[in-house]
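Breakdown of the fold
Residue strings, one per chain:
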Amino acid sequence: MADTGVKYPATVSTIQETGDDNDWVTPAEVVSDNAVYANIIAASFDAPDTSYLLRATNFSMGVPAGATINGILVEIERYYASGQGRCNDYDVNLTKNGSVRVGTDKSTGAIFTTSPAIVSFGGAADLWGATWTATEINASTFGVLYKMQATDANADGFVDFIRITVYYTPTSTTYYQNAGEGNTTIAGNP
């Protein structure tokens, strides 16, 4: 099995859905592991408020055409400010078209830690309850839809990055080699 290596989004935006309470400050900061954070630190971010939907897409995955997708790993580094209200994961979803949630919501409602920590969702053999093609994974609209929730009054939540690794099996290719008196078939991966 091969993998794409860690990929970060090139496009980030927020969407207010029904019931969402607070927008993200500097959401574009989730595009790299640089200790600069998208956040919500508004005094009005109180339990059970939810953030706007954070949409991270355009990961430039580079999965070879025809490959079988085996699993998708999403990693998010986040924390809440010690001494302030706590936050938890509310939605962790994948999208094929940049707006519609696909498959299983991987959020377990886990409370953030008080120092930056990377949390993993999915994995090398986890398809998130959906089917995937290399074309869908490579699309600029493939990505992650994420929300956090305030679990106390005056919650302060921070997200450094959202990144994806896709695990796949390349298509088996048959090569032909001229062996002089006929053709020899050599099977293998490119």
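Everything here concerns the structure above.
First, a word on scope: everything that follows refers to the structure included in this document. (Residues numbered from 1 in each chain as written. Predicted model: local features only at pLDDT ≥ 70, side-chain atom pairs only at ≥ 80, totals over all residues. Heavy atoms only, no water.)

Attention now moves to the pairing of strand S9 (residues 143–150). Most of S9 sits out of view: eight of its eight residues are buried. As defined by bridge partners, strand S4 (residues 53–57) adjoins S9 across four bridges and the pair is classed as antiparallel. Within the sheet, the bridge partner assigned to Leu54 lies in S9 and is Tyr146. In the sheet, strand S6 (residues 87–95) pairs with S9 via eight bridges, with the strands oriented antiparallel. (Buried < 20%, exposed > 50% of the residue type's maximum accessible area, 1.4 Å probe, protein only. Helix = DSSP H or I, 4+ residues; strand = E, 2+ residues; numbered from the N terminus. Pairing = 2+ DSSP bridges.)

Taken as a whole and assessed by the stated rule, the structure comprises nine salt bridges. A salt bridge links Lys147 to Glu17; the shortest N-O distance between them is 2.8 Å. You can see Lys147 sitting in strand S9 and its partner Glu17 sitting in the loop between strand S2 (11–15) and strand S3 (38–40), a full 130 residues away along the chain. Lys147 gets classed as buried once you look at its relative accessible area, which sits at 5%. Through salt bridges with shared partners, a single network forms among Glu17, Asp20, Asp91, Arg101 and Lys147. (Salt bridge = Lys/Arg side-chain N within 4 Å of Asp/Glu carboxyl O.)

Scanning the entire structure with this criterion turns up six aromatic pairs. Measuring from ring centre to ring centre gives 4.7 Å for Tyr79 and Phe158, while their planes differ by 10°; the resulting arrangement is stacked. Remark: Phe158 occurs in strand S10 (residues 157–169) and Tyr79 occurs in strand S5 (residues 68–80); sequence separation between them is 79 residues. With relative accessibility at 16%, the residue Tyr79 sits in the buried group. Its relative accessible area of 14% is what places Phe158 among the buried residues. Grouped by ring-pair contacts, the aromatic residues Tyr37, Tyr79 and Phe158 constitute a single cluster. (Phe/Tyr/Trp six-rings, centres within 6.5 Å; stacked < 30°, edge-to-face > 60°.)

Turning to the environment of Asp152, a few remarks are in order. In this structure, Asp152 sits in the loop between S9 and S10. Not counting chain neighbours up to four residues away, the residues in contact with Asp152 comprise Phe45, Asp46, Ala47, Gly85 and Arg86. Separated by 2.8 Å, the side chains of Asp152 and Arg86 make a polar contact. (Contact = heavy atoms within 4.5 Å. Polar contact = N/O pair within 3.5 Å; in protein donor to acceptor, adjacent residues only side chain to side chain.)

What follows concerns the side chain of Asn39. Summarising the element assignment, Asn39 is placed in strand S3. Classification of Asn39 as buried rests on a relative accessible area of 10%. From its side chain, Asn39 meets the backbone oxygen of Tyr37 in a polar contact 3.4 Å long. Apart from residues no more than four positions distant in its own chain, Asn39 is found in contact with Asp23, Trp24, Val25, Thr26, Gly157 and Phe158.

Moving on, we come to the nonpolar core. Judged by nonpolar contacts, the single largest core of 40 residues is most densely connected at Ile72, Val74, Tyr146 and Ile162. Mapped onto this core, the elements with two or more residues apiece are S3, S4, S5, S6, helix H1 (134–138), S9 and S10. If sequence neighbours within four positions are ignored, Ile72 has contacts with Leu94, Phe121, Gly122, Gly123, Asp126, Trp128, Trp132, Ile137, Phe142, Ile164, Thr165 and Val166. (Core = buried A, V, L, I, M, F, W, Y, C linked by side-chain atoms within 4.5 Å.)

With that settled, consider the sheet that holds S9. Consider a sheet: its strands pair through backbone hydrogen bonds, and that pairing is either parallel or antiparallel. Taken together, the five strands give an open sheet; going across it, the order is S2-S4-S9-S6-S7, and neighbouring strands pair in antiparallel fashion. One side of each edge strand has no neighbouring strand; the edge strands of this open sheet are S2 and strand S7 (101–102). Both S6 and S7 contribute to a ladder of two bridges, which runs antiparallel. Residue Leu94 lies in a different strand from S7, and its bridge partner there is Val102.

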